[in-house]
Amino acid sequence: MAEFVGAIDQGTTSTRFMLFNHSGEEVAKAQLEHEQILPQAGWVEHDPIEVWERTRTVIEQALQRAGLTGRDVAALGITNQRETTVVWDPRTGRPFGNAIVWQDTRTDRIASALEREGKGEVIRRKAGLPPATYFSGGKIQWILDNVDGAREAAESGEAVFGTMDTWVLWNLSGGTNGGVHATDVTNASRTMLMNLETLDWDDELLGFFGIPRRMLPQIRPSGYHYADTVAGGPMGAEVPIAGMLGDQQGATVGQVCFSPGEGKNTYGTGNFFLLNTGTEAVPSESGLLTTMGYQFAGGEAIYCLEGAIAVTGSAVQWLRDQLGLIRSAEESETLAKQVDDTGNMYFVPAFSGLFAPYWRSDARGVMVGLSRFHTKEHVARAVLESICYQTKDVAEAMAKDSGVELEFLKVDGGAVVNDTLMQMQADILGTPVARPQVAETTALGSAYAAGLATGFWNNLDELRENWQEDKRWQPQWSADQREAGYAGWKKAVERTFDWVDVG
Ligand SMILES: Nc1ncnc2c1ncn2[C@@H]1O[C@H](COP(=O)(O)OP(=O)(O)O)[C@@H](O)[C@H]1O
Ligand SMILES: O=P(O)(O)OC[C@H](O)CO
């Protein structure tokens, strides 16, 4: 019997392929970055062909490194950067331009027009989302309106839409030769086009964006036998693709947040704090998103509240790549540790406007409270603090909307290797922070969905047993210190507002 489950994690900066054993331990991994295409201020694109090629390569590399073949893999899960939009011709596999990435703000006028025309309320009520550049609906509209021939092709079935899960699934299952065109409920819930109650595309919402229904994928549960990989593809065998989940929902599953009131915070390019609200879609009054959590094979749909923050780890990349203050992400910790505080200076990385809980596309980044005294060490510390203060903002909103007081915060993602950041987070939140032993929770979650659907795992208790704590940080700040620090942050956030004209 095949002893492993595979997972593709098609992320914003890289694509990984991992194999997990029955205990949820990682036994093989390969990872490759792809190009971040930045054609003009506010635009972020990926080349879908490059992403698919990287996906093929990481699968082949990981299998080879582990000395395994596709026949050792019981099932395959796919997890992905959410919202990123690709439109392609299913007859040729050729995309209508590059994929528009979730961080891209070119659709700011589409989003503000929806609000102005009173459609925002309908979108909030039906899809659980505020109109924003972040979600796929506006990005599809932009492609249909701006790429030559795209609208006619979409109307005649010669252009189809997918988020990255759909694109990878279609390619893995045969592409132009019978590739399956489907997505899961979690990814569909990030488009502004799916009705959270019916779990289907909603005609009124489609009408707001002028999107023909026939270009959209079938919506399926997260745990579902979508298709088999083709033997001629990178798996080299027919393996059931049986799990698909947006990456933040993947991490929620990988962190075994299966009961209402359980949640996790992921620290990657952005930060994403999800709280399980069970079978109830809880509307937010505090700027959070109501979104799908997961739906396992044969199970009920589970909802989450989400605090999505656009820029966290990518602010560290900015320190490295744009400012050249550090040579590696790890160096942010070395620098920040050399000072005790930021000298009352704040950095707010509103590079793509501000997401939760503010949803201000007119905001742009600021550094405030600067004096001659400040050094690059202070700047590094302020960048790390900005990650923690943004999390504090969403944690406050989460407590208000859900009434849940977390006993401790489960964390994961690329930046949680930074112990200084984790201590700051505990201090700023006033809540302990706990890191699990398996850091790749995102991929693990999609492996769990696929493994549950194929009988590799039998129940949620088996998965709960796999979760092991690595390290925990206790808050050390006094209540006064925490309050004063947060008051300064709120003032700094106000300074970002009303900077660009979004019509
Ligand atoms: N030691 C560190 N300190 C702070 N940030 C870090 C550190 N190591 C990695 N990061 C940040 O984590 C992010 C990568 O995390 P990852 O989970 O791989 O991202 P994604 O899935 O969004 O591509 C990068 O933005 C990087 O700047
Ligand atoms: O690929 P990540 O980890 O940056 O995640 C991106 C999110 O899914 C965007 O919603």
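For clarity, every value in this text was computed on a predicted model and none was experimentally measured.

Caption draft 1: Up close: the pattern of salt bridges. By the definition in use, this model includes 31 salt bridges. Residue Arg82 pairs with Asp247 through a salt bridge whose shortest N-O separation is 3.7 Å. Residue Arg82 is located in the loop between strand S5 (73-80) and strand S6 (86-89), and its partner Asp247 is located in helix H9 (residues 247-254); the two are separated by 165 residues in the primary sequence. Taken as a pair, Arg82 and Asp247 share a single burial class, namely buried. Residue Lys392 is joined to Glu396 by a salt bridge in which the shortest nitrogen-to-oxygen separation is 3.4 Å. With Lys392 and Glu396 both in helix H12 (residues 376-402), this residue pair falls four residues apart, about one helical turn. Salt bridges here are not isolated pairs; linked through shared partners, they connect Arg82, Glu83, Arg190, Asp247 and Glu306.

Caption draft 2: A look at empty space enclosed by the protein. Across all of its chains, the model carries two cavities of 30 Å³ or more by this definition. Ile309, Ala310, Val311, Pro349, Gly353, Leu354, Phe355, Ala356 and Gln390 together form the lining of the largest cavity. Here the second largest cavity is characterised by a volume of approximately 30 Å³. In this structure, the second largest cavity is lined by Thr107, Ile110, Ala111, Leu114, Pro131, Ala132, Thr133, Gly138, Met192 and Phe209.

Caption draft 3: Broad picture of the pairing of strand S16 (residues 263-267). In terms of residue burial, S16 counts as a mostly covered element, since five of its five residues are buried. Burial along S16 is two-sided: the residues Gly263, Asn265 and Tyr267 and Lys264 and Thr266 are all buried. Bridge count for S16 against strand S17 (residues 271-278) is five bridges, and the pairing is antiparallel. Across the sheet, residue Lys264 finds its bridge partner in S17, namely Leu274. Connecting the antiparallel pair S16 and S17 is a turn made up of three residues. Here S16 runs beside strand S22 (residues 409-412); their pairing, made up of three bridges, is parallel. Bridging across to S22, Thr266 finds its partner in Asp412.

Caption draft 4: Focus on the site of ligand 2. In the neighbourhood of ligand 2, the contacting residues comprise Gly11, Thr12, Gln81, Arg82, Glu83, Trp102, Tyr134, Asp247, Gln248, Thr269 and Phe272. At 3.0 Å from an oxygen atom of ligand 2 is found a side-chain nitrogen or oxygen belonging to Arg82. At 3.3 Å, a side-chain N or O of Thr269 approaches an oxygen atom of ligand 2. Summarising the interface, the protein chains cover 91% of the accessible area of ligand 2, which totals 310 Å² for the free molecule. Residue composition of the shell around ligand 2, grouped by class: three nonpolar, five polar and three charged.

Caption draft 5: Layout of the domain arrangement of the protein chain. According to the domain assignment, the protein chain consists of domain 1 (4-249) and domain 2 (256-436 + 468-502). Summarising the inter-unit geometry, the C-alpha centres of domain 1 and domain 2 are found 25 Å apart. Each partner contributes to the interface: domain 1 provides 30 residues, whereas domain 2 provides 27 residues. Surface buried jointly by domain 1 and domain 2 totals about 2,300 Å² across both partners, of which 59% is contributed by carbon and sulfur atoms. The largest per-residue losses of area from domain 1 upon contact with domain 2 belong to Trp102, Leu196 and Gln248, which jointly make up 23% of the total buried on that side. On the surface where domain 1 and domain 2 come into contact, there are two salt bridges. Measuring nitrogen to oxygen at the nearest pair gives 2.9 Å for the salt bridge that ties Glu306 to Arg190. Across the contact surface, domain 1 and domain 2 share 14 residue pairs in polar contact (both at pLDDT 80 or more). At the level of elements, helix H2 (108-116), helix H7 (185-188) and H9 are the ones that each hand at least two residues to the side of domain 1 that touches domain 2. Of all the elements, H2 adds the most residues to the side of domain 1 that touches domain 2, at three residues. A per-class count over the side of domain 1 that touches domain 2 returns 13 nonpolar, 12 polar and five charged.

Caption draft 6: A look at the packing of aromatic side chains. Per the stated rule, a full pass over the model turns up 24 aromatic pairs. A centroid spacing of 6.0 Å and a plane angle of 75 degrees characterise the contact between Phe258 and Phe296, whose relative ring orientation is edge-to-face. Residue Phe258 is located in the loop between H9 and S16, and its partner Phe296 is located in the loop between strand S18 (289-294) and strand S19 (302-309); the two are separated by 38 residues in the primary sequence. Looking at Phe258, the relative accessible area reads 8%, which means it is buried. Among the residues examined, Phe296 registers a relative accessible area of 11% and is labelled buried. Here the aromatic residues Trp102, Tyr134, Phe135, Phe272, Phe355 and Trp359 are joined through ring pairs into a cluster of three or more. Note that Arg360 overlies the ring of Phe497, its terminal NZ or CZ placed 4.1 Å from the centroid.

Caption draft 7: The packing of H12 against helix H13 (residues 419-429), seen in detail. It is at 9 Å that the axes of H12 and H13 come closest, and there the two elements cross at 40 degrees. Regarding the angle of H12 to H13, the classification is oblique. For the crossing formed where H12 meets H13, the hand is right-handed. Each of Arg381, Leu384, Glu385, Ile387, Cys388, Tyr389, Thr391, Lys392 and Ala395 in H12 lies in contact with H13, whose residues at this interface are Thr420, Leu421, Met424, Gln425, Ile428 and Leu429. Residues that form the contact of H12 with H13 fall into these classes: nine nonpolar, three polar and three charged.

Caption draft 8: Here's a closer look at the site of ligand 1. Ligand 1 sits among 16 residues. The nearest are Thr13, Arg16, Thr269, Gly313 and Gly414. At 2.8 Å from an oxygen atom of ligand 1 is found a side-chain nitrogen or oxygen belonging to Arg16. Contact between ligand 1 and Gly313: an oxygen atom at 2.9 Å from a main-chain N or O atom of the residue. Coverage of ligand 1 by the protein amounts to 85% of the 590 Å² it exposes when considered alone.

Cut-offs and rules
Residues numbered from 1 in each chain as written. Chains lettered and ligands numbered in written order. Predicted model: local features only at pLDDT ≥ 70, side-chain atom pairs only at ≥ 80, totals over all residues. Heavy atoms only, no water. Salt bridge = Lys/Arg side-chain N within 4 Å of Asp/Glu carboxyl O. Helix = DSSP H or I, 4+ residues; strand = E, 2+ residues; numbered from the N terminus. Buried < 20%, exposed > 50% of the residue type's maximum accessible area, 1.4 Å probe, protein only. 1 Å grid on protein atoms, 1.4 Å probe; cavity = no way out; pocket = protein on both sides within 12 Å on 5 of 7 lines; lining within 4 Å. Points joined across faces, edges and corners; volume = space filled by probe spheres on them. Pairing = 2+ DSSP bridges. Near = heavy atom within 4 Å. Polar contact = N/O pair within 3.5 Å; in protein donor to acceptor, adjacent residues only side chain to side chain. Areas by Shrake-Rupley, 256 points an atom, 1.4 Å probe, with all protein chains shown as cover. Nonpolar A, V, L, I, M, F, W, Y, C, P; charged D, E, K, R; others polar. Domains from an automatic or database assignment. Contact = heavy atoms within 4.5 Å. Buried area = accessible area lost by both parts, 1.4 Å probe. Phe/Tyr/Trp six-rings, centres within 6.5 Å; stacked < 30°, edge-to-face > 60°. Lys NZ or Arg CZ within 6 Å of the ring centre and 35° of its normal. Axes fitted to C-alpha atoms, helices over the stretch in contact; angles between N-to-C directions. Parallel < 35°, antiparallel > 145°, perpendicular 65-115°, else oblique. Left-handed = near helix turned anticlockwise from the far one by under 90°.

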